[in-house]
Structures are given as structure tokens and as C-alpha cells.
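Observations on the model geometry
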Amino acid sequence: MYLTHLHCPRCDSTYDADRPQNLCSCGSPLLARYDLTRVRDAVSPAALAGRPADLWRYRELLPIADDRHVTTFGEGWSPMLPAARYGESVGVPGLLVKDEGLMPTGSFKARGAAVGVSRARELGIRHVAMPTNGNAGAAWASYAARARLRATIAMPLGAPTITRRECLAAGAELYLIDGLISDAGRYAGKLIAASAGSPEGGIFDVGTLREPYRLEGKKTMGYEIVEQLGWQVPDVIVYPTGGGVGLIGIHKALHEMRELGWIGETLPRLVAVQSTGCAPIVRAFGAGARRAEPWADAWTLAFGINVPAPLGDELILDALRDTAGTAIAVDDEAILADLHDFGAQEGLLLCPEGAACLSAVRHLRAGGWLRSDERVVVLNTGAGLKYPETVDVDSLPVAG
């Protein structure tokens, strides 16, 4: 294993990677660091070509020491689909959609769960808990079951119904919370605190960015995007941003690849997409702030980005500014319109979070931030079938 330590990007503290760790003592998420010099000597982009088409092809850059602990459903290597017809209609013919809806459990959350559960198992953790807006809970419950770990999930009542069914089907202990993900987080925190010192061992907190290894699974989206483009970076990557783990992970992957010499110095511009009903990152970015203030009365039909106070706000804002990117909020009406337009033109039913990225592309192109000749990658982070309410069938006439 090439993992060397855990690093705090806020205060520069380091931690032992061979022990379970949550946040730094300063409150910041911790990041996994690798001996990239040894990685460069051990593997090259050409060597990856013959490996299985899953995220474990990047195993030298993942934190699992012993393959016996790898917990997998074959996640990774989602397709990158040209969307030229819709792209032409919004002035970006080089539009590409990376479709994470084909991941196990139907979303990109499978990546973080695969690596996070595998590392938890390797470190001797036997019971994990987390708050979730739906898809992460479904993924962690499923992977925990496969790894023979207990899982406790706290989920807002407003989360997609299918995700609570997925948690229960995987044997997780599920608590429904009348509130937002922040309320679910407080409830999960009480359960974790109450478990400390129990004879069975405490519950380990695997909430968003509260442990370092979910991020390592999510960063493989960045590796895949570049590898699928022939080890060339796109001009822009557009990402729906709630907790922001995927955006932070992609940014981390780009820096690792640059240090490895696998890509050049120029990085893609990263775009964080939020809803006008919950846009703490957009507000902070526009104000030039270092931190994001909690968003009051948050609500959007794109439930995965309904995160009023993301723990990783500093890391998200750093990624946007480091890459000369931007943050943009779109409204639910635009999200639904672009979801339907894209389905009619390209034949793919996106999740609302993915459709929000299309709305962002349309607005950024109209405003001149995007050029017509740029290659733009949009992340569709989940299967549209998990959100059946985005397509109204109740008004259809019934043939007699």
C-alpha cells in the first residue's frame, strides 16, 4: 500500500492512517496522502489499460492494504456519453455526460461506500452510522451488509422513498427524521456518542467527510474522466454540489495525476452547481468568503444537493478558486425543463441533480462563461428511475 498518512488541509497536522480517524482536532476533514514517487515507479497510464474496468484499477492510489478486505459490487468505469444533440441546442456541442446512474445501488455513492466500507473493515470497525439525503445511505447499507458490518442510517422524511427501501432491504437500522440532513446528522451524532464505551464497541461516524476514505472512492471519477479522454483533461467539469465530496475528490485526483506526470499543468475549470433553494456555496463564492454560512429554509426537488451547511465548504471553495472555476445556482423549474428536454433529445432520464448541471451549462454558455468550442463534462450522479416524480404521468389521457 502506498498510503502514508492523513493530512489536515486547514492546520497542516498529520495523523496515523493505520488507526480509525474522524476529523482533525481543528474540525477540518482529513485527506489521505500517498507516496506518489513510489506510485509513479510502480504503475503508468499504459499499465492501467489491461486492468478490469472498475475503480479498483487505480488500487495504488486507494487506501486498502489487503485485497481480502475489498468489498465490491463491480463499481466504477461508468460510461462517458456524447450529448451532441442537446449540446448543440444550448451552444456546447462538445458536451459529455458521465452517467453514474449505472453504478451499483444506482448512484455515484457506490464509489465512496466501496472504498469507505473496505477501509473500515480493514481497520477493524464493525458498526458504522451516518446521516444521508438518501443515496449515500442506500449505498453504505448495501456495502456494509456485504462486508458484514452493522449500519445505522438517519434519513430525512423528504428523501426519495426508494432509498429508505434500499436501506431496509440491506438490513440497516433506519431512522426517519422530520427535518433536513443537518437534523439527521444531529440525530446520528447522538447515537454515536451514546455508543461510546459499549461492550460491543462504539459506532464509527462515516458521515460526509467525517472519515477520510469515502473521498478516495469518489476521486476515481476524476481518474476515469481523464483516462476515458485518452489521458487528456476536459476544459470544464460540472458537478452537482451538496456535501461536495465528489468535487473535492475530482480536484484531489487532478492534483495527484499532475504530480504523477500523467497530465499537464492545466486543470479543468470546476463548476459547483446548486439550487436557488439551497445555495450556500454559491453565496460564499460570490462574496469571496472563505467559509459558507448555513442556508435557511433549504429546499429543492434535487434532494441530493439539499445540504444547507456542508462540512467541506472550505475544500469546495478552494477547488473552485484553484481551477478558475465558478459556482452557480439554478431553480427547480429549470431543472425539470432541462431534465425533460435532455430525455427527449438524448434518450437518457437523468436524476434531478444531473439535470441541474445541464441548466448550469445552459446559463453559463448564455452568459459567455463557457465557449462553444469547449469540451464540457457533466456528472449525472444517479439513476433517474429513483426519482419517478420528475415525470408526470397522472395527466395522460386513458385510451378507451
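Residues numbered from 1 in each chain as written. Predicted model: local features only at pLDDT ≥ 70, side-chain atom pairs only at ≥ 80, totals over all residues. Heavy atoms only, no water.

**So, a nonpolar patch on the surface**
Nonpolar side chains collect at one region of the surface, where Leu349, Leu385, Val391, Val393 and Leu396 lie side by side and expose about 480 Å² of accessible area between them. Counting through the fold element by element, Leu385 comes out in the segment after strand S13 (376-380). (Patch = residues over 30% accessible without salt bridge, like charges linked within 9 Å, V, L, I, M, F, W, Y side chains within 5 Å. Areas by Shrake-Rupley, 256 points an atom, 1.4 Å probe, with all protein chains shown as cover. Salt bridge = Lys/Arg side-chain N within 4 Å of Asp/Glu carboxyl O. Helix = DSSP H or I, 4+ residues; strand = E, 2+ residues; numbered from the N terminus.)

**Thoughts on the sheet that holds strand S9 (residues 204-205)**
One open sheet accounts for four strands, arranged S8-S7-S6-S9; its pairing is parallel. Here the strands that pair on one side only, and so sit at the sheet edges, are strand S8 (173-177) and S9. (Pairing = 2+ DSSP bridges.)

**Looking at the pattern of salt bridges**
Oppositely charged side chains can pair when the atoms bearing their charge come close. Overall, the coordinates contain 25 salt bridges when judged by the stated rule. Residue Arg57 pairs with Glu227 through a salt bridge whose shortest N-O separation is 2.8 Å. Of this pair, Arg57 sits in the loop between helix H2 (45-48) and strand S4 (80-82) while Glu227 sits in helix H9 (residues 220-228), and the two are 170 residues apart along the sequence. Residue Asp373 pairs with Arg371 through a salt bridge whose shortest N-O separation is 3.1 Å. Residues participating in the shared-partner salt-bridge network are Arg10, Arg290, Arg291, Asp313, Glu314 and Asp318.

**Concerning the side chain of Thr241**
Its location among the elements puts Thr241 in the loop between strand S10 (236-240) and helix H10 (245-260). At a separation of 3.0 Å, a polar atom in the side chain of Thr241 contacts the main-chain carbonyl oxygen of Tyr239. Contact partners of Thr241, with chain neighbours within four places excluded, come to Leu247, Ala272, Val273, Gln274, Ile305 and Ile316. (Polar contact = N/O pair within 3.5 Å; in protein donor to acceptor, adjacent residues only side chain to side chain. Contact = heavy atoms within 4.5 Å.)

**Concerning the pairing of S10**
With respect to burial, S10 is a largely interior element, five of its five residues being buried. Of the two faces of S10, the one lined by Val236, Val238 and Pro240 and the one lined by Ile237 and Tyr239 are each fully buried. The pairing of S10 with strand S11 (residues 269-275) spans five bridges and is classified as parallel. Counted as the bridge partner of Tyr239 is Ala272 from S11. Between the parallel pair S10 and S11, the chain is carried across by H10, and the sense of this crossover is right-handed. Alignment of S10 against S13, held across three bridges, turns out to be parallel. (Buried < 20%, exposed > 50% of the residue type's maximum accessible area, 1.4 Å probe, protein only. Right-handed = clockwise from strand over helix to strand, strands pointing away.)

**A closer look at the sheet that holds S10**
Strand pairing within a sheet occurs via backbone hydrogen bonds; the two strands may be parallel or antiparallel. In space, the six strands of this open sheet follow the order S4-S5-S13-S10-S11-S12, with mixed pairing throughout. Because the sheet does not close on itself, it has two edges, and the strands there are S4 and strand S12 (326-330). The average angle at which neighbouring strand axes cross in this sheet is 25 degrees, direction not considered. Taken strand by strand, helix H11 (residues 280-287) contacts S11 and S12, and its axis lies near 135 degrees from that of S12. (Axes fitted to C-alpha atoms, helices over the stretch in contact; angles between N-to-C directions.)

**Examining the environment of Gly217**
Of note, Gly217 is situated in helix H8 (residues 214-218). Look at Gly217 and you get buried, because its relative accessible area is 0%. As a C-alpha pair, Gly217 and Cys26 span 191 residues in sequence and 24 Å in three-dimensional space. Residue contacts for Gly217: discarding those within four places in its chain leaves Arg111, Gly112 and Val115.

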